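Next come the chains, spelled out residue by residue.
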Amino acid sequence: MKLYQYLLILFAISLGIFLGLRFYILDVIETGPIPSVVELENPDQSLATRVYSKDGVLLDYYFNQKRVNLTIDEIPQEFINGLIATEDREYYKHWGLHVNRILKAIVKMVISFGKEKEGGSTITQQLARTLYLDQASTINRKIREAYTAIQIEKRYTKDEILEMYINQVYYGAGAYGLFTACNKYFGKKPHDLNQAEIAYLVGAINQPGRFDAFKNYNLGKRRRNVVLSMMADWGVISNEDFYKFKEMEIELKKASNDKSTSGIAPHYIEHIRQNFKENPNLISYDLYKDGLTIITSLDSRIQNYANQAVEDHISYYQRIFNKSFKWKNNRELEKNLISEAIRRNPKYRNADANSKKAIADQFKKNKSFTDSVRNVATTIQCGVVVLNPKSGAVLAMVGASPKFMRENRHAKHSLNHVTQIKRQPGSSVKPFVYAASIIDAGLTPDDSISCSSYTYNLPDSEDYWAPNIGYDCDSNMNVTIRFALMKSINSVAARLITLYTSPQKVKALLQKAGVESPLMAVPALALGAGGEIRPIELATAYCTFPNSGIRPEPFYLNKVEDQYGNKIFEKRMNTTITDVMDVKTSETLVDMMKDVVSRGTAGRVRQHFDNWNVQVAGKTGTTNDNSDAWFTGYTPELVCCVWVGFDDHRVNFDAIGDNGQGGRAAGPIFGKIMQSIYQDEELNYKKFAFDYESNKKDTLQINGVEAISN
């Protein structure tokens, strides 16, 4: 064969191979999952939403993959240097592909018959794989990756590609993106990292599962030192720094022992999540992937004070209750609770009819199971909310007892005892009975009324209502209106709602004040037996007293920004005013409720203000079955509602007697919170007195004779 014939055949074969490869590559690109131009220009980066308190504390995240965007300026240059030195030294020279590295990787794989592989991917290719493609080790995927990398280089600058890559890649331990990885491994922000920590995170990108120092410390350290060596070899750190940092231990962030909670305000965060789409400005945004920044109304300092007050008081009360409550005195209840828990268990529910009895018997013999049922039933629960009465801003929220939060892994998604429970409020509604009586009948605090036993014949019925007096009153004894509220005398409240106003008007006043739960217009409403309400509703209603009779709308969000910092929602001053009662009536009730705290059923609250000249008002509430204890109080600048009780109504405070009343079981939490707030000079709550002068006579009318109160 002549030379020209040989060359012609060789050319034809080469051309055929070239054309075949070209058509193959084009077919792979055209038929495969290649991102469109729109997708290339708007990559789905699935960024976590950050939630902050109004004072700038990061409270929590919402995310599918916990990833927070950093701008190129927020990424340490040392990290960029380490990344390029380790992953792609020709980064600023190539156009998406590094041909020499690709050829070298292919030759090495062919020579070793596929046993040895060398990474030939550029940073841009790795970004393409992370953003748009799967992780399959196939020729087709490699072709699509290379093509996508070229398209990325056409549309983005080198800095933009680096920014996307560093924010997207997985660093192990559930951390996506540099911001999250810094916090996950070291509890730091990116610019607070030292060179050894930077090198560790750069190294983790290569094989995050393998080099995760939480799982394999030695491998993680070895990989970090390889990165330091490559950085020294490329000249971005000195040899002295290399030897210095390679000897350092990796000081990992200690994992929290409390696995059940998330941040300082888990139920507040969950409430925002559940109600996010109710805001019309936010309907089109995805809380889990759009990288929003949410500034809430919550104040982290007040939240911490609320958490501590609940922790101190409820743990103390739990010990008191546990010493007094005996299951041997509640065998029937115990039996019912265990049977109900068995019927709720999936193993029992999913069993066939013939197996259910045997399974139930197994559960009853399982001490761990029965102890758990008893523990849950006797765990004292708590709901606390703090509001700004003028604006309606929710400043703090405790949705469950700390004990429950510690013992239940998913407690942040559990029942919120501020916004999701409805309980009878007991005497907490009495201020509205008095307010309606003042409005309708023109009563004053110093007017006298009988406190003896009272029977009311129900209209259009042969039935009657005869409430317990609730105070030691003789048959001919009179007291002032002020004294009756101070001592929470039931018979006086019963007379007021039936003789001076009406159940319908009290119901209407409560609804106007913000109680949305259904109420019955019955005389028993005066004692809190006309329906169940939520603590957030009661807190809102009480705002009308220090706010000159005007009700605010409670809110949780101050501002929301998109991932680029553009404002998409901002809370503005509420232009809708709900005028619940006139100023004089609200001031009269404030004046009367100050006595409830200073000399009445909430006297234990006052001790927290003995050294602080802060005016405090409020009202206790205890239900007839002794299962719910309330205290809702306020200062000139803050309102706080506290509910304490059990999730199961059949468990109550009877075992601890008077200690289960609202003034003792709930009131001290309010006192502890407010004491901490007013002692904190940085919070700047300095308004110690209400905006009016009291005209109170410091006397009580008993049997028509003035007597000094005590």
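See above for the structure.
About the thresholds
Residues numbered from 1 in each chain as written. Predicted model: local features only at pLDDT ≥ 70, side-chain atom pairs only at ≥ 80, totals over all residues. Heavy atoms only, no water. Pairing = 2+ DSSP bridges. Helix = DSSP H or I, 4+ residues; strand = E, 2+ residues; numbered from the N terminus. Axes fitted to C-alpha atoms, helices over the stretch in contact; angles between N-to-C directions. Phe/Tyr/Trp six-rings, centres within 6.5 Å; stacked < 30°, edge-to-face > 60°. Buried < 20%, exposed > 50% of the residue type's maximum accessible area, 1.4 Å probe, protein only. Lys NZ or Arg CZ within 6 Å of the ring centre and 35° of its normal. Disulfide = S-S within 2.5 Å.

**A short note on the sheet that holds strand E12 (residues 567–570)**
Next, step 1: Sheet architecture is open: 5 strands sit in the order E2-E1-E3-E11-E12, paired in mixed fashion. Each edge of the open sheet carries a strand with a single partner, namely strand E2 (58–62) and E12. The sheet shows a mean angle of 15 degrees between the axes of neighbouring strands, direction not considered.
Next, step 2: Judged from the 3 bridges that link them, strand E1 (residues 49–52) and strand E3 (residues 293–296) form a sheet pairing that is parallel.

**What to know about the packing of aromatic side chains**
Next, step 1: Taken as a whole and judged by the stated rule, the model has 26 aromatic pairs.
Next, step 2: For the pair phenylalanine 321 and phenylalanine 653, a centre-to-centre distance of 6.4 Å together with 90 degrees between the ring planes defines the contact as edge-to-face. Note that phenylalanine 321 is positioned in helix H13 (residues 300–324) and phenylalanine 653 in the loop between strand E16 (639–645) and helix H26 (662–665), a separation of 332 residues in sequence. As far as the burial class goes, phenylalanine 321 and phenylalanine 653 line up, both buried.
Next, step 3: Pairing tyrosine 678 with phenylalanine 688 gives two aromatic rings, centres 5.7 Å apart and planes at 70 degrees, and the pair type is edge-to-face. Pair noted here: tyrosine 678 is in helix H27 (residues 667–679) and phenylalanine 688 is in the loop between H27 and strand E17 (699–702), with a separation of 10 residues, a long-range link.
Next, step 4: Given a relative accessible area of 25%, phenylalanine 688 falls into the partly exposed group.
Next, step 5: One aromatic cluster is present, formed by Phe321, Phe325, Trp327, Phe646 and Phe653 through successive ring pairs.
Next, step 6: Positioned over the ring face of phenylalanine 555 is lysine 571, at 4.8 Å from the centre of the ring.

**Let's talk about the pairing of E12**
Next, step 1: The pairing of strand E11 (residues 557–561) with E12 spans 3 bridges and is antiparallel. Among the inter-strand pairings, lysine 559 is bridged to a residue of E12, identified as glutamate 570.
Next, step 2: Between E11 and the antiparallel strand that follows it, E12, lie 5 residues; glycine 565 among them carries a positive phi value of about 90 degrees.

**Here we look at the state of the cysteines**
Next, step 1: As enumerated under the stated definition, the model contains 1 disulfide in all.
Next, step 2: A sulfur-sulfur distance of 2.1 Å marks the disulfide that ties cysteine 451 to cysteine 473. What sets the handedness of the cysteine 451 and cysteine 473 disulfide is the S-S torsion sign, and at about -115 degrees it is left-handed. Of this pair, cysteine 451 sits in the loop between strand E6 (448–450) and strand E7 (456–457) while cysteine 473 sits in the loop between strand E8 (464–465) and strand E9 (478–480), placing them 22 residues apart in sequence.
Next, step 3: Distance from the sulfur of cysteine 382, which forms no disulfide, to the nearest cysteine sulfur (cysteine 640) is 9.1 Å.
Next, step 4: With a relative accessible area of 0%, cysteine 382 lands in the buried category.

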